[in-house]
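Commentary on secondary and tertiary structure
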Amino acid sequence: MDNASTVFPHKIHWESDGTSRIPFMAYTGADQHRKELERFFYRKHWCYVGLEAEIPNPGDFKRTVVGERSVIMVRDADGGINVVENVCAHRGMQFCRERHGNRKDSGFTCPYHQWNYSLQGDLQGVPFRRGVRQDGKVNGGMPADFKTAEHGLTRLRVAARGGVVFASFDPDIESLEDFMGPTILGYFDRLFNGRKLTILGYNRQRIPGNWKLMQENIKDPYHPGLLHTWFVTFGLWRADNKSELKMDAHHRHAAMISTRGASGKAGQVTQVSSFKESMQLNDPRFLDIMPEPWWGGPTAVMMTLFPSVILQQQVNSVSTRHIQPNGNGSFDFVWTHFGFEDDTGEMTQRRLRQANLFGPAGFVSADDGEVIELSQKGFEQKPYHRTLAELGGREVGDTDHMVTETLIRGMYEYWRREMED
Amino acid sequence: MDKQQWTDASAVDEVPEDDVIGIVVGGRDIALYNAGGEFYATDNICTHGHARLCEGFLEGHEIECPLHQGRFDIRTGAPLCAPVTEAIRSYPIRIEGGRVFLALD
């Protein structure tokens with residue numbers, strides 16, 4: 001009698017020391033997911049929390065998450081940015097329910113017992129601390145040695161650069177700049193070069209797949225010209241676009257840099273069968289592309305900052321895409337479309353129109369949510385199996401072309417190093 | 001009698017020494033204090049957490065809110081410590097014939 005299960009192995013199994021064949025079990029199982037949260041979201045990594053422009057005034061706050069922990073990004077009276085955990089020091093309640101608001105005058109109050117916190121997360125006072133007077137006698141109250149200073153909210157480390165805010169629960173974390181590394185930092189600073197940002201709007205979606213699949217999606221230049229027929233039909237993506245793939249030294253972050261051919265809808269494209277020269281947009285303004293000086297050449301740079309965020313520049317559409325896991329098989333994906341304070345009204349309209357390509361129902365991005373869901377279904381039904389990521393070889397390294405899955409292999413090289421340690 | 005409109009609020013001996021009571025005068029929630037024989041009156045609702053100050057603790061001329069321990073000077077209504085930042089209103093007082101009168105306007 002053979003007790004060994006062939007379909008549901010007990011342990012994740014890699015076929016080699018390499019990462020070109022990724023076990024389906026990298027995407028399944030609650031225990032491993034919690035280990036990922038510990039090692040990637042709660043230690044040693046800066047996680048995206050938002051843009052400074054979302055909280056311009058003292059008291060402004062935004063509720064968001066680091067990994068699966070609810071946090072609040074809030075601007076204090078001095079203009080500083082604080083990130084505190086949304087868990088009351090008293091009974092552990094997630095006291096803040098609004099996504100955005102202002103608490104300049106009152107601080108944060110937990111509705112359960114009205115414990116009250118400053119905008120920096122310090123406990124101000126607690127009801128009936130000195131008891132309740134009744135018939136000349138004082139009843140109850142906190143013990144004499146109760147100190148409010150010992151019961152503030154958990155405060156996260158905060159780093160802001162170019163108007164983008166990151167936070168970490170890890171008190172010993174390296175600087176944000178070291179975390180990104182010089183190559184990725186260069187592309188980060190290209191997009192966030194000191195101009196003030198303006199918020200154009202949000203998209204939110206829940207994708208029933210593992211959170212890493214979203215990182216992989218933006219580390220995968222194999223699929224856009226094949227899955228996204230919209231891109232190809234209207235000439236925005238071609239596998240022979242001039243392009244580069246670059247990573248940080250750990251291979252956890254990446255940038256896909258591409259430069260659109262001057263020809264636009266080039267007639268000579270033959271390698272992609274879905275290209276349809278005859279299709280026309282009813283409203284061509286979706287592709288009213290206006291080169292901007294700060295691009296410095298590339299027309300699209302898609303950055304993956306591991307583990308929490310994707311930074312998008314696709315021609316005139318710029319956005320952050322926040323990955324918010326909930327369990328191993330699902331994540332919320334929150335898109336913040338922004339612009340720059342010195343944009344003309346016309347440029348703002350252009351960015352908004354081009355944003356139609358992205359988000360949960362975007363002409364292009366709707367495809368990604370669906371393939372991620374269906375990938376997860378495949379993994380769950382056949383956990384002993386593995387994916388293949390061998391386009392461009394089995395090694396990991398920067399390239400000057402797009403015909404490779406090297407960035408995915410790179411991310412799993414890092415993943416294995418951190419998870420198997 | 002001066003030009004102030006004085007409203008009868010309470011008997012003097014309703015307010016225990018070094019203590020505070022809550023009363024309604026002219027439709028307003030008022031905290032009436034007896035600090036060592038001197039009487040003071042302020043709005044009764046804290047400007048921070050909207051609790052009733054008459055349920056707090058009077059120490060000298062400071063009333064401590066029972067909810068979050070913010071403090072006000074009962075003589076002026078001025079906020080004295082976090083989390084309170086906004087003053088409460090204080091009212092002129094007049095004692096006559098064993099009664100406490102307030103000028104509400």
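The model shown is predicted, which means the values in this text are computed figures rather than measured ones.

Things to note about the pairing of strand β4 (residues 38–43) of chain B
Residue and element names in this part refer to chain B. Where strand β3 (residues 28–35) lies against β4, six bridges are found, and the strand directions are antiparallel. Its bridge partner being in β4, A35 is matched across the sheet by E38. In sequence, β3 turns back onto β4 through a hairpin of two residues, with G36 there showing a positive phi of about 60°.

Description of the nonpolar core
Counting residues in each nonpolar core, the largest one holds 94 residues, and the members touching the most others are V49, V66, V71, M73, F166, A167 and M303 of chain A. Residue contributions to this core peak at seven residues, all from helix α2 (residues 176–191) of chain A. Here A167 of chain A is in contact with C47, V49, V66, V71, V83, L156, R157 and V158 of chain A, once residues within four sequence places are set aside. Judged by nonpolar contacts, the second largest core, of 23 residues, contains L32, Y33, I74 and F101 of chain B.

A few points about the UniProt feature "domain: Rieske" (unreviewed entry) in chain A
Under the present numbering, the feature "domain: Rieske" (unreviewed entry) in UniProt falls on residues 46–167 of chain A. The distance separating the terminal C-alpha atoms of residues 46–167 of chain A is 6 Å; by composition the span is 0% helix and 40% strand.

Points about the sheet that holds strand β6 (residues 62–64) of chain B
All names here are of chain B. If you trace the three strands from one edge of the open sheet to the other, you get β5-β6-β7, paired in antiparallel fashion. Where the open sheet ends on each side, the last strands, each with one partner, are β5 (57–59) and β7 (71–73). Within the sheet, the average angular offset between the axes of one strand and its neighbour, ignoring direction, is 25°. Both β6 and β7 contribute to a ladder of three bridges, which runs antiparallel. What sits directly across from E62, in β7, is D73.

What to know about the environment of D13 of chain B
The topology assignment puts D13 of chain B in the loop between β1 (6–11) and β2 (19–25). Owing to 9 C-beta atoms within 10 Å, D13 of chain B belongs among the exposed residues under this scheme.

Regarding the interface of chain B and chain A
Accessible area lost when the parts come together is the quantity often used to give the size of an interface. Every contact between the two is made by 10 residues of chain B and, on the other side, 12 residues of chain A. Looking at the side of chain B that touches chain A, its residues break down into five nonpolar, five polar and no charged.

Here's the deal with the domain arrangement of chain A
Residues and elements named next belong to chain A. As assigned here, chain A comprises domain 1 (47–158) and domain 2 (177–419). For domain 1 versus domain 2, the separation of C-alpha centres amounts to 37 Å. Tallying the contact residues gives eight residues for domain 1 and 14 residues for domain 2. Residue contributions to the side of domain 1 that touches domain 2 peak at three residues, all from strand β2 (residues 47–51). Classifying every residue of the side of domain 1 that touches domain 2 by side-chain character gives five nonpolar, one polar and two charged.

Description of the sheet that holds strand β12 (residues 157–161) of chain A
Within a sheet, adjacent strands bond to each other through the backbone by hydrogen bonds, running parallel or antiparallel. Residues and elements named next belong to chain A. With antiparallel pairing, three strands are arranged side by side in an open sheet as β2-β13-β12. Edge positions in the sheet fall to β2 and β12, since each has one partner strand and no second. Shown here is a sheet whose adjacent strand axes are inclined to one another by a mean of 30°, direction ignored. Bridge count between β12 and strand β13 (residues 164–168): five bridges; the pairing is antiparallel. Residue R157 lies in a different strand from β13, and its bridge partner there is S168.

Rules used in this analysis
- Residues numbered from 1 in each chain as written.
- Chains lettered and ligands numbered in written order.
- Predicted model: local features only at pLDDT ≥ 70, side-chain atom pairs only at ≥ 80, totals over all residues.
- Pairing = 2+ DSSP bridges.
- Helix = DSSP H or I, 4+ residues; strand = E, 2+ residues; numbered from the N terminus.
- Core = buried A, V, L, I, M, F, W, Y, C linked by C-beta atoms within 7 Å.
- Buried ≥ 20, exposed ≤ 12 C-beta atoms within 10 Å, placed from the backbone.
- Contact = placed C-beta atoms within 7 Å.
- UniProt positions renumbered as here; feature names shortened; annotations may be inferred.
- Axes fitted to C-alpha atoms, helices over the stretch in contact; angles between N-to-C directions.
- Nonpolar A, V, L, I, M, F, W, Y, C, P; charged D, E, K, R; others polar.
- Domains from an automatic or database assignment.

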